[in-house]
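Chain by chain, the residues run as shown.
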Amino acid sequence: MDKLTDQHLYKLTERYTCTMQKGPYIDKIHIRSPFKGNPAAVCLLEEGDYDDDHKRDQQWMQSLAMEFNISETCFLTPIVAAAPRYRLRWFTPVAEVELCGHATLAASHFLFSSGLVEADAVEFVTLSGVLTAKRVRKSDRVLIELDFPASVVVECEKVELPEIPITLGGASVVGVMKSSSNGSGDGDPIVELASGEAVAGIQPQLDEIRKCAGRGVIITGPAPSDSGFDFYTRFFCPKLGVDEVH
């Protein structure tokens, strides 16, 4: 890995902090409270790092993601002929994934806040197609809007899951479906619980989740009426080296 220099620390709105290092850039985003939130590392590579010689090949990216050992490390490579457009790849500590929301948000924020992208929109060429991030200005705030591919929900065959009560530590299950990006049913089980409180308090059996179809198991339930949210959701994917995506 190239030597990292010129470390900077700066604020990212009132709720986030962000650490940026140059050569390559690394952008770690997390909720302002210590040891909470969902961090992501963002590495900016030069255009020549993604050529036919594979100077920064998949194994190098995977090794760096393993070194960071957080839920997602993503890699940006500029596509000069179509600015502002970047190749974007995401890696957990053990595997490359086809799509990641919070790491895309981190990458978008880094490009906008660093001045590398002056326009209010940037495109990412990914394994899930071309994704778009837009900078939206609202009074005293600047938001980032992501445009992701839709995922349909299909029936989940019982044979695809272990015993759900065991997997979820005996939690009461309302229903089980499955996400699918193409309607084929090749996706992650979605387990609905009776309440958001049940989702928040669940202690799943990770060994059982490893036996499930898909990358992991999504747990969801209606949020309390006074919470300001519609539902609570948690995602457990120990197969990818991340027990839970926070």
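What counts and how
- Residues numbered from 1 in each chain as written.
- Predicted model: local features only at pLDDT ≥ 70, side-chain atom pairs only at ≥ 80, totals over all residues.
- Heavy atoms only, no water.
- Pairing = 2+ DSSP bridges.
- Helix = DSSP H or I, 4+ residues; strand = E, 2+ residues; numbered from the N terminus.
- Axes fitted to C-alpha atoms, helices over the stretch in contact; angles between N-to-C directions.
- Core = buried A, V, L, I, M, F, W, Y, C linked by side-chain atoms within 4.5 Å.
- Buried < 20%, exposed > 50% of the residue type's maximum accessible area, 1.4 Å probe, protein only.
- Contact = heavy atoms within 4.5 Å.
- UniProt positions renumbered as here; feature names shortened; annotations may be inferred.

(A) Seen up close, the sheet that holds strand β15 (residues 231-237). In spatial order, the strands read β11-β12-β13-β14-β15-β16; together these six strands make up an open sheet with mixed pairing. Of all strands in the sheet, those bounded by a partner on one side alone are β11 (152-155) and β16 (242-245). Across the sheet, the mean angle from the axis of one strand to that of its neighbour is 30 degrees, orientation sign disregarded. With five bridges connecting them, strand β12 (residues 173-180) and strand β13 (residues 189-193) associate as antiparallel partners. Residue Gly-175 lies in a different strand from β13, and its bridge partner there is Glu-192.

(B) Region of interest: the nonpolar core. Leu-76, Tyr-86, Trp-90, Leu-111, Val-122 and Phe-124 are the most contacted members of the largest nonpolar core, which totals 23 residues. Of all the secondary-structure elements, those providing two or more residues to this core are β4 (40-44), β5 (72-78), β6 (85-91), α2 (101-114), β8 (121-126) and β9 (129-138). Broken down by element, this core gets its largest block of residues, six residues, from α2. The contact partners of Leu-111, leaving out residues within four places of it in the chain, are Leu-76, Tyr-86, Leu-116, Val-117, Val-122 and Phe-124. Counting residues in each nonpolar core, the second largest holds twelve residues, with Ile-164, Cys-212, Ile-219 and Phe-236 among its members.

(C) Highlighting the UniProt feature "active site" (unreviewed entry) in the chain. The UniProt record annotates "active site" (unreviewed entry) at Glu-72. By the secondary structure assignment, Glu-72 is in strand β5. The exposure class assigned to Glu-72 is buried, which follows from its relative accessible area of 8%. Once residues lying within four places of it in the same chain are set aside, the contact partners of Glu-72 are Pro-39, Ala-40, Ala-41, Trp-90, Phe-91, Thr-92, Val-97, Cys-100, His-102 and Ala-103.

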